[in-house]
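Observations on the three-dimensional arrangement
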Amino acid sequence: MATKEFKKFTREEVAKHNTEESLWIVIDSKVFDVTRFRNLHPGGASVFMDEDIPGGDATEAFFGLHRFEVLEKPQFARLQIGVVQGEEPQIKGGIVPGKISEVPYAEPTWLSKGFQSPYYKESHHRLQQAVRKVIDEVVYPDAQDRELDGKRPSQSVLDKMAELNLHAMRMGPGKHLKGLTLMGGVVAPEEFDYFHELVISQEIARCGARGYGDGLLSGCVIGLPPVLNFGSPELKARVVPEVLSARKFICLAVSEAYAGSDVFGLQTTATKTEDGKHWIITGTKKWITNGTFADYFTVGCKTEDGFTVILVERGEGVSTKPIKTSYSPSAGTAFVSFDHVKVPVENTLGEEGGGIFVMLSNFNHERWVMCCINVRAQRLVVEECMKWVNQRKAFGRPLHSLAVIRSKLALMISRVESQQSWLESLTYQMCNMSYREQASKLAGQIAFLKSHMTRSAQLTAADAVQIFGGRGITQTGMGKFIEHYHRTVTFDALLGGAEDVLADLGVRQAIRGMPADVRL
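Quick caveat: nothing in here was measured; it's all calculated off a predicted structure. (Residues numbered from 1 in each chain as written. Predicted model: local features only at pLDDT ≥ 70, side-chain atom pairs only at ≥ 80, totals over all residues. Heavy atoms only, no water.)

With respect to the overall build of the protein chain
- When you go through the protein chain residue by residue, the secondary structure sums to 19 helices and 14 strands.
- The C-alpha atoms of the protein chain give 26 Å as radius of gyration, which agrees with the globular expectation for 520 residues (24 Å, within 12%).
- Oriented by its inertia axes, the alpha-carbon framework of the protein chain measures out at about 90 × 60 × 45 Å.
- With 520 residues in all, the protein chain has 51% of them scored as buried.
- Restricting the contact set of the protein chain to residue pairs at least 6 apart, pairs at least 24 apart contribute 74%.
- Approximately 24,600 Å² of the protein chain is accessible, and the part contributed by carbon and sulfur atoms is 54%.
- Here the protein chain contributes 60 positively and 61 negatively charged side chains, and the mean placements of these two sets differ by 1 Å. (Helix = DSSP H or I, 4+ residues; strand = E, 2+ residues; numbered from the N terminus. Rg over C-alpha atoms; globule rule 2.2 N^0.38 Å. Buried < 20%, exposed > 50% of the residue type's maximum accessible area, 1.4 Å probe, protein only. Contact = heavy atoms within 4.5 Å. Areas by Shrake-Rupley, 256 points an atom, 1.4 Å probe, with all protein chains shown as cover. Lys, Arg positive; Asp, Glu negative; His and termini not counted. Charge placed at Lys NZ, Arg CZ, Asp CG, Glu CD.)

Written out as structure tokens, the structure is:
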């Protein structure tokens, strides 16, 4: 589409239009006629008659009140009638698909100009560039809309991700990638590692829509690995292709009203029929992500010989209803009921009574993914705050000139940088351990990291609200991402295991590893 040619005006010409009958303003070298819009302005008409605004340059005033994206909305873009002669726009903003941010600390170090990392190869850079472009162009717009209207992610978005095999890559490295063309061929299946998966998780987190992010098949990320790792060949052949193609959806159903982090306290039961060919499952599950639209449920059950994980297909006896939470219904958070549901014993994942190993193995990956997302979401908050303190003025000077503001930023940046480094160190260990080794050696480390991250995230959220002031508690406008983050930040502190429970898990694992002969 050809770029519209705008008429050129001198600033002297613009200055003549300074009355209520003919009111022009300049914003970043662009000339707007706001005569008729003035009385429709959500912030009131009077602001257009403030000193130096009528017929003048309103750039500073505008960006003190509005995000750049406002200028890009059709209903406001049509108010532009020209440009200032001999001047070019000086302000960069909005989403430029695939672009690396130039704001300090807005990107992890390995993506920052002039920095190196021992962990990332050329294939990681290629994947990051390709994924960011897709996220910016396809996922981000849908995320903003669905987060607000509460609908699950659009099927067209899920289909596009399936076409690029993004759903498959979010399962991590493994045999399920064999023969697939990953992201148009930017990375080969045999070289795909956990750092590639980290890249994908962190790019998705940049959408800044927590409920939508979980709705974007996070149920698959935590619900399908037990099928991949412990399901029979026949079960995998039937279920995995339709889930990874987004034709059907899956979720993990462990938490109950009676038991959250305490998996041994589960009350959902599975008993065998007399002929031993089926399980009869009865019970309820609560706070199940993607549960409202799931076709399959990876269910933790209490059985005669302990704890067993079974794949249940939606059908007779299975019902779901939405649960209202602090974030968007787009996540599909559900209360799930199983009323004497008959399931073939072939749907058992792992050994009967061996469900705790299935879950512990799965919890490591689930919590690691949450760490990837959590620290990237914190970094998004850092970027928002860095932009805001640079453009906001208080007491007649930029916000960043206040020592208390710089102190908050210092702590926010320190937290996010240290956590990313710890995450990358753990990811390197994952790349060099088998699934079983990860389960035994990294459970405590990952638990510590998640607990530390989620507590840090709540500090960052509180600091960000203080920096943004009233805008930080307003769901629209300049502080909308800060308000959203502050409202939803505690989800990570609960999902996948509560903070205190995980911290205790890490210590208990460390105590078990203590040599018997050491003394002070």
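Moving on, there is more to tell.
Some thoughts on empty space enclosed by the protein
- Summed over the entire model, instances satisfying the criterion amount to 2 cavities of 30 Å³ or more.
- Of the volumes computed, that of the largest cavity is approximately 350 Å³.
- Looking at the largest cavity, it is lined by 27 residues, and the ones nearest its centre are A205, A209, R210, I373 and A377.
- Elements with a minimum of two residues in the lining of the largest cavity: α8 (194–205), α9 (210–215), α13 (355–391) and α17 (480–488).
- Looking at which element gives the most residues to the lining of the largest cavity, the answer is α13, with 7 residues. (1 Å grid on protein atoms, 1.4 Å probe; cavity = no way out; pocket = protein on both sides within 12 Å on 5 of 7 lines; lining within 4 Å. Points joined across faces, edges and corners; volume = space filled by probe spheres on them.)

Notes on the sheet that holds strand β3 (residues 30–33)
- Here we have 4 strands laid out as an open sheet, ordered β1-β4-β3-β2, and mixed in their pairing. Across the chains shown, the open sheet's two edge strands, defined by having one partner strand only, are β1 (7–9) and β2 (24–27). For this sheet the average axis-to-axis angle between neighbouring strands, irrespective of direction, equals 40°.
- In this structure, β2 lies alongside β3, joined through 4 bridges in antiparallel fashion. Bridge assignment links W24 to a residue of β3, and that residue is D33. (Pairing = 2+ DSSP bridges. Axes fitted to C-alpha atoms, helices over the stretch in contact; angles between N-to-C directions.)

A closer look at the layout of surface pockets
- For the second largest pocket, the calculated volume is near 1,200 Å³.
- Of the residues forming the lining of the second largest pocket, the biggest block, 10 residues, is contributed by α13.

Notes on the packing of aromatic side chains
- What the rule picks out here adds up to 15 aromatic pairs.
- Ring geometry for W110 against Y120: centres 3.9 Å apart, planes inclined by 10°, an arrangement best described as stacked. With W110 in the loop between β4 (80–84) and α5 (122–149) and Y120 in the loop between β4 and α5, the pair connects residues that are 10 residues apart, well separated along the chain. Across the pair, exposure class does not vary: W110 and Y120 are buried alike.
- Relative to F357, the ring of F230 lies with its centre 5.9 Å away and its plane at 90°, an arrangement referred to as edge-to-face. Taken as a pair, F230 in helix α11 (residues 225–230) and F357 in helix α13 lie far apart in primary sequence, 127 residues in all.
- F357 gets classed as partly exposed once you look at its relative accessible area, which sits at 27%.
- Put simply, the rings of W110, Y119, Y120, F195 and Y428 touch in pairs and so form one group of aromatic residues.
- It is R152 that lies over the ring of F293; its NZ or CZ is 5.8 Å from the centre.
- For K272, the ring lying beneath its charged end belongs to W279, and the centroid distance is 5.3 Å. (Phe/Tyr/Trp six-rings, centres within 6.5 Å; stacked < 30°, edge-to-face > 60°. Lys NZ or Arg CZ within 6 Å of the ring centre and 35° of its normal.)

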